[in-house]
Each structure stands twice: as structure tokens, then as C-alpha cells.
Amino acid sequence: CDWSSDVCSSDLEEFLLLADRLGVPVAILSCRVSLATARERIAQRKREALDPSEATEAVLEQQWRAIEPLGEAEASLQINSSDPEEVAAALRTTR
């Protein structure tokens, strides 16, 4: 697992086992975005200089290579985070 990426599959498995043991429901919201859109968002944040994010093109490239897709057993709800209507619909269903 590369700790500079978000969540490793082994961490996720451990989390799901804990939730199951505690009887807590789990929902995973996996947001998809194209690499081009992610790059543009980083560039826009840099231009505006208002975002405290430390994301750079280098960080994006590293994280993009380290992405581990969610498995079927994880029952994820995947949305296109570039589509505001899809994001809003997903948020309505998770409340």
C-alpha cells in the first residue's frame, strides 16, 4: 500500500469487517473523474490561490497510478463527480 494514496484495499477490508462486527451499515461513495478534469481542477485551484490543498500535478500522477478499484463485494455507489446532477442525486440517496 502506498500511504500517499487514499485508502488501500487491505485497509478497506479491515474497515468493512469492523463495520460488520459492529452491525453498522456501510456505504462507499466512489467519485470518478477523468484525468484531464482532475488536472484542470488542480490548475484552477493554483490560479485562484484560495485552496489549502497540497495537490499538485505530481501528487495527482502518483495517486492516479495507485488507484485500486473497488470490488463487487464492496457494493459501491459510483458517480461521475464532473456531473453536478449526478452528484446531487447521489447525495439525496445517501441521506
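Look up a bit, the structure's there.
The following paragraphs examine the structure supplied in this document. Since the structure is predicted, the reported quantities are computational estimates derived from the model, not experimental observations.

### Here's the deal with the pattern of salt bridges
Using the criterion set out here, one finds three salt bridges in the structure. Between R39 and E57 there is a salt bridge, and its shortest N-O distance comes to 3.3 Å. Here R39, found in helix 2 (residues 35–48), pairs with E57, found in helix 3 (residues 57–66); they are 18 residues apart in sequence, far enough to count as distant. Among the salt bridges present, the one from R39 reaches E61, with a minimum N-O distance of 2.4 Å. Residue R39 is located in helix 2, and its partner E61 is located in helix 3; the two are separated by 22 residues in the primary sequence. Classification of R39 by relative accessible area gives partly exposed; the value is 31%. By relative accessible area, which is 25% here, E61 ends up partly exposed. Each member of the salt-bridge network shares a partner with another, and the members are R39, E57 and E61.

### A look at the environment of C31
As for its position among the elements, C31 is in strand 1 (residues 28–32). Judged by relative accessible area, which is 47%, C31 ranks as partly exposed. Between the C-alpha atoms of C31 and Q78, which are 47 residues apart in sequence, the distance is 5.8 Å. Not counting residues within four places of it along the chain, the set of residues in contact with C31 comprises I79 and S81.

Parameters and conventions
- Residues numbered from 1 in each chain as written.
- Predicted model: local features only at pLDDT ≥ 70, side-chain atom pairs only at ≥ 80, totals over all residues.
- Heavy atoms only, no water.
- Salt bridge = Lys/Arg side-chain N within 4 Å of Asp/Glu carboxyl O.
- Helix = DSSP H or I, 4+ residues; strand = E, 2+ residues; numbered from the N terminus.
- Buried < 20%, exposed > 50% of the residue type's maximum accessible area, 1.4 Å probe, protein only.
- Contact = heavy atoms within 4.5 Å.

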